Amino acid sequence: MSAPDVGTLDFLVRAAREFRRGGWVFTGFHWPVLAGQLAHHLPGAPFTQAFEAGATTHGPGRLVPTSTTDYPAYGNALGYAADTASVLLAMARRFDRVVLDAGTVDLRGCVNSSVVGEHRRPTVRLPGGGGAPDVAAAARELVWLHGGADLRRIQARVEHVTAAPGPHTRVRLHTRWGVVRVGADPALEEVADVDGAEEFAAHLAALGARTDGAAPRPPVDAAERAAAAALLREAADRGYAVARRALAEAAAR
Amino acid sequence: MRPVLGLADAVRAHVRPGTRVYLGNFGAQLFCVGHEVIRQGVRDVDLVIASGGLLMDQLLGAGVLRSATFGHCWSPVGPAPAHNFRRAAEGGAPVALHEMSLGLLTAALTAGAWGVPFLPVPDRAGTGYVDEDWTRGLLDTATCRFGTSRVVRAEVPDVAFVHADLADADGNGVVRGPLGEVVVAAQAARAVVLVAEELAPAETVRAAGITIPGLLVSAVVHHPGALAPDGALGRYDRDVAAYERYARRAATPEGFRSWLEEEVLT
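Now for a look at the structure at hand.

About the criteria used
- Residues numbered from 1 in each chain as written.
- Chains lettered and ligands numbered in written order.
- Predicted model: local features only at pLDDT ≥ 70, side-chain atom pairs only at ≥ 80, totals over all residues.
- Helix = DSSP H or I, 4+ residues; strand = E, 2+ residues; numbered from the N terminus.
- Buried ≥ 20, exposed ≤ 12 C-beta atoms within 10 Å, placed from the backbone.
- Pairing = 2+ DSSP bridges.
- Contact = placed C-beta atoms within 7 Å.
- Axes fitted to C-alpha atoms, helices over the stretch in contact; angles between N-to-C directions.
- Nonpolar A, V, L, I, M, F, W, Y, C, P; charged D, E, K, R; others polar.
- Right-handed = clockwise from strand over helix to strand, strands pointing away.
- Expected span 1.5 Å × (residues − 1).
- Core = buried A, V, L, I, M, F, W, Y, C linked by C-beta atoms within 7 Å.

## Observations regarding unusual backbone geometry
- Geometrically, the link from glycine 24 of chain B to asparagine 25 of chain B is a cis peptide bond, its omega value of -15 degrees lying close to zero.
- Following the sequence through the fold, asparagine 25 of chain B ends up in the loop between strand E2 (20-23) and helix H2 (31-39).
- Here alanine 228 of chain B and proline 229 of chain B are connected by a cis peptide whose omega angle stands at 15 degrees.
- Position of proline 229 of chain B among the secondary structure elements: in the loop between strand E12 (219-222) and helix H9 (240-249).
- Its identity is not glycine, yet histidine 30 of chain A carries a phi of approximately 75 degrees, on the positive side.
- You can call histidine 30 of chain A buried: it has 22 C-beta atoms within 10 Å.
- With a phi angle near 60 degrees, aspartate 44 of chain B is a residue other than glycine that sits in the positive phi range.
- Within the fold, aspartate 44 of chain B resides in the loop between H2 and strand E3 (45-51).

See below:
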């Protein structure tokens, strides 16, 4: 079986490393769930995950969780089962890191996951923000994960703001092409050695970000890529569209 | 003692046109209740639900809802769009969609539980919830001598359906796993129907740790598999194939209707 493309694997590994920096990591839906699950198979500092419905987990799920609320998949890894208010309103500012999915994101660190067009009669109705608006606003350090391959989803200003960081939140955006510091002084911090990286840098520059000081991204080794590939295969069986797409593209190569 | 009702009787007794219904739990969706509401043909229901998911999508598609107050709505498996939700919003269906963050919704239920008209909440200025009134009138600002705060209007459901792993004859319930907003929803609601996977002796329920005290509970429904195709911690897994099948079929209105006929109405 062919491996998924390096861009997807490396993106996932680098996202997982955010968890392996250790501490308490609030984990959002989709890519963060996958990255958190992968992180248990990578070296690094111990970490605990927290979720918007009140769960914490203290190890990998017995299955790849289909979402943050797939409690049977987390199984015995589930720990302190509190409630939404405890996690989103009382404890959010205490987490070491908040890792959330960013489908459409801008250089201010704001995300739109609600609508395209008018809210009361949208052109495209998106799912909505869930707990992201609460936890993003309170986060000390916010990591957005943008796993897509469409540069148009990274914008100067999103059309509508579903979730926005607080005024003192340190915000970084992980993409398959590199890592961007977003906020008051957006800048490309790390650039990956993958197809599309130059276009990405040009896109960011056109949006108004500094791109001249970017460093090469730390390498991803073969063992890390193998772990990510294995996770994606399991995730495909658990219904993840991004995993199935990555595997299908690999098979077509 | 609390009455133990069949699912159909409990829904018939508590859900009528105009009823404000909280459907729990966050991440453990009571599909059995939603499907029974659909089968009974109730219309003009006002839904309160944290994570709308496919349950809200199905209620929208079946024409049950007059309004929905929700945090988000999609299929968690895939993830895939909630197609009826999208069609309703994009097509301008006459369903009032009150979009909240989960923190705001929980605070609204807390205000309802405490019997106060509103509750101060962290400000969300700069987002559409405040700047574009996505909540449709559920947020305001209050000033008193302690300061000024954004506030959320109290949410008081007429009835809350709450999933429990265990329940005893007095209506004490054990919720396994994360609680989401389910406790404050039960405290806020005028009536609570506990839908339990298992009825158990009181000493077993006490030993497991009571989450929802019988004081709050109007009736108990014993319904194993109440969440399916969602999963119940320690009992059954989320049925990924069923979620995927639904997402495929609900992609068109015709597909949704045939799914509804085959999987809910028959």
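From this point, things continue past the structure.
## Digging into the sheet that holds strand E4 (residues 97-101) of chain A
Residue and element names in this part refer to chain A.
- On the basis of which strands lie adjacent, the open sheet formed by nine strands has the order E3-E2-E1-E4-E8-E10-E11-E12-E13 and mixed pairing. Two strands in the sheet have a free side with no partner beyond their single neighbour: strand E3 (56-57) and strand E13 (215-216).
- Where strand E8 (residues 141-145) lies against strand E10 (residues 170-174), five bridges are found, and the strand directions are parallel. Counted as the bridge partner of tryptophan 144 is leucine 173 from E10.
- With respect to the sheet, helix H1 (residues 6-20) is in contact with strand E1 (23-27), strand E2 (47-50), E4, E8 and E10, its orientation differing from that of E10 by roughly 150 degrees.

## A few points about the environment of glutamate 199 of chain A
- Counting through the fold element by element, glutamate 199 of chain A comes out in helix H6 (residues 197-207).
- For glutamate 199 of chain A and glycine 79 of chain A, which are 120 residues apart along the polypeptide, the C-alpha to C-alpha distance reads 43 Å.

## Examining the interface of chain B and chain A
- Of the residues lining the interface, 46 residues belong to chain B; the matching set on chain A comes to 44 residues.
- For the side of chain B that touches chain A, the residue count by class is 21 nonpolar, 16 polar and nine charged.

## Concerning the pairing of strand E11 (residues 191-199) of chain B
Residues and elements named next belong to chain B.
- Where strand E9 (residues 159-167) meets E11, eight bridges bridge the pair, whose relative direction is parallel. Looking at the pairing, alanine 167 lines up with leucine 199 of E11.
- Looking at chain direction, E11 and E12 are connected through four bridges and run parallel. Each bridged residue has a counterpart across the sheet, and for leucine 194 the counterpart in E12 is valine 220.
- On the question of chirality, the crossover connecting E11 to the parallel E12 by way of helix H8 (residues 202-208) is right-handed.

## Quick word on the environment of arginine 136 of chain B
All names here are of chain B.
- As for its placement among the helices and strands, arginine 136 is situated in the loop between helix H6 (128-131) and strand E7 (139-144).
- Spatially, the C-alpha atom of arginine 136 lies 17 Å from that of cysteine 73, the residues being 63 residues apart in sequence.
- Those residues within four positions of arginine 136 in sequence are excluded, and the remaining contacts are Ala96 and His98.

## Things to note about the sheet that holds strand E6 (residues 118-120) of chain B
Residue and element names in this part refer to chain B.
- Spatially, the three strands line up as an open sheet ordered E6-E8-E7, and their pairing is antiparallel. Bordering the open sheet on either side are E6 and E7, each of which pairs with just one other strand. Ignoring which end each strand starts from, the neighbouring axes of this sheet average 40 degrees apart.
- Bridge count between E7 and strand E8 (residues 147-153): six bridges; the pairing is antiparallel. Looking at the pairing, threonine 143 lines up with threonine 148 of E8.

## A few points about the pairing of strand E11 (residues 178-182) of chain A
Residue and element names in this part refer to chain A.
- Among the five residues that make up E11, four are buried, leaving the element largely enclosed by the rest of the structure.
- With four bridges joining them, E10 and E11 adopt antiparallel strand pairing. Among the inter-strand pairings, valine 171 is bridged to a residue of E11, identified as valine 182.
- Counting the residues in the hairpin turn of E10 and E11 gives three residues.
- In this structure, E11 lies alongside strand E12 (residues 187-191), joined through four bridges in antiparallel fashion. For glycine 178, the partnering residue across the bridge sits in E12 and is valine 191.

## Observations concerning helix H5 (residues 102-114) of chain B
All names here are of chain B.
- Taking 1.5 Å of rise per residue, 13 residues should cover 18 Å, and H5 covers 18 Å from first to last C-alpha, within 8% of that figure.
- Buried residues dominate H5, accounting for twelve of its 13 residues.
- Listing the buried residues of H5 in full gives Leu102, Gly103, Leu104, Leu105, Thr106, Ala107, Ala108, Leu109, Thr110, Ala111, Gly112 and Ala113.
- Once H5 ends, the next one or two residues include glycine 115, with phi positive near 75 degrees.

## Focus: the nonpolar core
- Grouped together as the largest cluster of nonpolar side chains are 175 residues, with contacts concentrated most on Ala35 of chain A together with Leu194 and Val195 of chain B.
- If you tally residues by element for this core, the top one is H5 of chain B, at eight residues.
- If near-sequence neighbours (up to four positions away) are discounted, alanine 35 of chain A is found in contact with Leu12, Ala15, Ala16, Phe19, Val99 and Leu145 of chain A.

Taken by themselves, the reported measurements are silent on function.
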